[in-house]
Amino acid sequence: MIARSRRAVTGATPPGRSGGRLADEVYDTLLGQLMSLRIEPGSRVTIDVLARELGVSQTPIRDALNRMEAEGLVVRVPHAGYRIPPQITRHRFEDMLEVRLLLEPAAARRSAERASLEQVAGLRAMLGEMAELEGGDGPTAYGAFGLRDAAFHDLVALSAENQVIREALARLHSHVHLFRLHHDTQVTHLAMAEHEDIVAAIAARDPDAAAYAMRRHILRSGERFRRLFDEVKDAGAVAVEA
């Protein structure tokens, strides 16, 4: 059964989307499965299997997968469907973090200056939805939290009223890649507190505090996920020594 689309959650249509189409809902469902590792890196997916699993025709599945292929989230394999690419490399992770540090604090600053009362209320509502999922049991809840985490950052960019920044951040798919690295409920708990600081600064119309809170959040998030690469490296070194 198709999950609620991100548009239904946030009230805003993310960049590049038509909004309300079944293909968009399929797209969000597949993103959630990627982020929860229900669909694992390196695994193969086919249109007919997904159509049966989600209870829809092949057309929205094909549309969603075509879009995901264009965004680098799946790879088409001739005569064999699609393959989920490996998780991001350490180098790609660091590049992505650098771009986020350039763009997202600026977006938070502009949001504090420009966000409407309705948009501030939307950010608070998103925090409420994330709180319901915080520490949720199982990969499905973790993936759902990741989708709303991405939607939260998109709402900040939307309220900044800078479409170029918003589109650039959307193309990164940073939350998809980060949440695929590891399933850790501690990540959701720490992110919640940092998100609350961002919203508080935006609501207070304090641009400097908003930019600072966003920069601190991205840096701390980077530290949390960077440890995963270090753990994998250490495990590999132990295996070699053995």
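Criteria and thresholds
Residues numbered from 1 in each chain as written. Predicted model: local features only at pLDDT ≥ 70, side-chain atom pairs only at ≥ 80, totals over all residues. Heavy atoms only, no water. pLDDT = per-residue confidence, 0-100. Helix = DSSP H or I, 4+ residues; strand = E, 2+ residues; numbered from the N terminus. Contact = heavy atoms within 4.5 Å. Pairing = 2+ DSSP bridges. Expected span 1.5 Å × (residues − 1). Buried < 20%, exposed > 50% of the residue type's maximum accessible area, 1.4 Å probe, protein only. Arc of directions from axis to C-beta. Salt bridge = Lys/Arg side-chain N within 4 Å of Asp/Glu carboxyl O.

Section: the confidence of the model for the protein chain
Here the protein chain shows a mean pLDDT of 85. Residues at 70 or above account for 83%. Confidence, read as mean pLDDT per element, is least for helix 1 (residues 6-10) in the protein chain (40) and greatest for helix 5 (residues 90-114) (96). In this model, residues 3-11 is a region of pLDDT below 50 whose contacts with residues beyond four sequence positions or in other chains number 27 contacts. Scored below 50 in pLDDT, residues 234-242 makes zero contacts in the model with residues more than four places away or belonging to other chains.

What to know about the sheet that holds strand 2 (residues 75-77)
Strand order in this open sheet of three strands is 1-3-2, and the pairing throughout is antiparallel. Bordering the open sheet on either side are strand 1 (44-45) and strand 2, each of which pairs with just one other strand. With two bridges connecting them, strand 1 and strand 3 (residues 81-83) associate as antiparallel partners. Among the inter-strand pairings, Val-45 is bridged to a residue of strand 3, identified as Tyr-82.

With respect to unusual backbone geometry
The backbone of His-79 shows a phi angle near 65°, a positive value even though the residue is not glycine. Tracing the chain through its elements places His-79 in the loop between strand 2 and strand 3. Notably, Glu-161 is not glycine yet its phi reads approximately 60°, a positive angle. Along the chain, the position of Glu-161 falls in the loop between helix 7 (139-159) and helix 8 (163-172).

Examining helix 6 (residues 117-133)
Between its first and last C-alpha, helix 6 extends 25 Å over 17 residues, near the 24 Å set by a 1.5 Å rise per residue. Of the residues making up helix 6, those classed as buried are Val-120, Leu-123, Met-126, Leu-127 and Met-130. One face of helix 6 carries all of its buried residues, which in axial projection span an arc of 115°. Set apart from the buried face of helix 6 by more than 90 degrees, the exposed residues are Leu-117, Glu-118 and Glu-132.

Structural notes on the pattern of salt bridges
Counting across every chain of the model gives 15 salt bridges. Residue Arg-109 pairs with Asp-208 through a salt bridge whose shortest N-O separation is 2.7 Å. One end of the pair, Arg-109, is in helix 5; the other, Asp-208, is in helix 11 (residues 207-241), with 99 residues separating them in the sequence. On the accessibility criterion, Arg-109 (28% relative accessible area) is partly exposed.

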